[in-house]
Amino acid sequence: MKATKITRVIGVSDMKRAVQFYQDALGLAVQQTSPYWSDLTCGDGNLALQSHRPDPSAEVHTMVIFTVGDLDSAIADAEAAGGVLLSRRDDDHAPVLIAHVLDTERNVIQLAQPR
């Protein structure tokens, strides 16, 4: 399975302030923004800002998301390469199916299949 897109995600506590920072400091262009998720672009790259979840014990503040065409196949390939499936979610209201995988270096990555 080949990934078709990569998204870098940074957790933020104040979305409006964070969007303004990346616009002013680095000249990133805002493609979409909401209180929970904002997409910004920089040349051919992109950066997503995600508001922190209410869980104060969460340690992950950055993440890499790989968009894939077939989530089951991507999970199988990741596991065959030494990755460990941590979780899989299929929320009816979400536009993607997602899985969190621990890579061989103990980094959490997200695999996302658009509906």
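Digging into the overall build of the chain
Then, in step 1: Looking only at helices and strands, one finds two helices and eight strands in the chain.
Then, in step 2: The order of helices and strands in the chain, counted from the N terminus, is β-α-β-β-β-β-α-β-β-β.
Then, in step 3: Its C-alpha atoms give the chain a radius of gyration of 15 Å, near enough to 13 Å, the size a compact globule of 115 residues would have.
Then, in step 4: Taken over the C-alpha atoms alone, the chain extends approximately 45 × 35 × 30 Å along its principal axes.
Then, in step 5: Counting all 115 residues of the chain, 32% fall into the buried class.

A look at helix α1 (residues 15–26)
Then, in step 1: Spanning twelve residues, α1 covers 16 Å between terminal C-alpha atoms, matching the ideal 16 Å at 1.5 Å per step.
Then, in step 2: Every buried residue belonging to α1 is among M15, A18, V19 and Y22, and all of these are buried. For α1, the buried positions fall inside an angular range of 100° around the axis, keeping them on one side. In α1, the exposed positions that point more than 90 degrees away from the buried face belong to K16, R17 and D24.
Then, in step 3: The elements touched by buried residues of α1 are β1 (5–12), β2 (29–33), β3 (37–42) and β4 (45–51).
Then, in step 4: N-capping of α1 is provided by D14, with a side-chain oxygen placed 3.3 Å from the backbone N of K16.
Then, in step 5: Once α1 finishes, G27 follows within two positions and takes phi at roughly 70°, a positive value.

Notes on the packing of aromatic side chains
Then, in step 1: Taken as a whole and assessed by the stated rule, the structure comprises one aromatic pair.
Then, in step 2: Their ring planes at 90° and their centres at 4.9 Å tell us that F21 and Y22 sit as a pair that is edge-to-face.
Then, in step 3: Classification of Y22 as buried rests on a relative accessible area of 17%.

Remarks on the environment of L85
Then, in step 1: Tracing the backbone through its elements, the reader meets L85 in strand β6 (residues 84–89).
Then, in step 2: The partly exposed category is assigned to L85, whose relative accessible area is 32%.
Then, in step 3: When the C-alpha positions of L85 and I75 are compared, they lie 7.1 Å apart, and in sequence the two are ten residues distant.
Then, in step 4: If we skip the residues at most four places from it in the chain, L85 touches I75, E79, A99, H100 and V101.

Quick notes on the sheet that holds β2
Then, in step 1: Taken in spatial order, the eight strands line up as β2-β3-β4-β1-β5-β8-β7-β6 in an open sheet, and their pairing is mixed. A single partner strand is all that each edge strand has here, and the edge strands are β2 and β6. Strand-to-strand twist across the sheet, computed as the mean angle between neighbouring axes with direction ignored, equals 25°.
Then, in step 2: Both β6 and strand β7 (residues 96–102) contribute to a ladder of five bridges, which runs antiparallel.

What about the nonpolar core?
Then, in step 1: Core analysis: the largest hydrophobic core is formed by ten residues, namely V68, L71, A74, I75, A78, L97, A99, V101, I109 and L111.
Then, in step 2: Among the secondary structure elements, those contributing two or more residues to this core are α2 (71–80), β7 and β8 (108–114).
Then, in step 3: When residues in this core are grouped by element, the largest group, four residues, is from α2.
Then, in step 4: Leave out the neighbours within four places in its chain, and A74 touches M1, V68 and L111.

Conventions used here
Residues numbered from 1 in each chain as written. Predicted model: local features only at pLDDT ≥ 70, side-chain atom pairs only at ≥ 80, totals over all residues. Heavy atoms only, no water. Helix = DSSP H or I, 4+ residues; strand = E, 2+ residues; numbered from the N terminus. Rg over C-alpha atoms; globule rule 2.2 N^0.38 Å. Buried < 20%, exposed > 50% of the residue type's maximum accessible area, 1.4 Å probe, protein only. Expected span 1.5 Å × (residues − 1). Arc of directions from axis to C-beta. Contact = heavy atoms within 4.5 Å. Polar contact = N/O pair within 3.5 Å; in protein donor to acceptor, adjacent residues only side chain to side chain. Phe/Tyr/Trp six-rings, centres within 6.5 Å; stacked < 30°, edge-to-face > 60°. Pairing = 2+ DSSP bridges. Axes fitted to C-alpha atoms, helices over the stretch in contact; angles between N-to-C directions. Core = buried A, V, L, I, M, F, W, Y, C linked by side-chain atoms within 4.5 Å.

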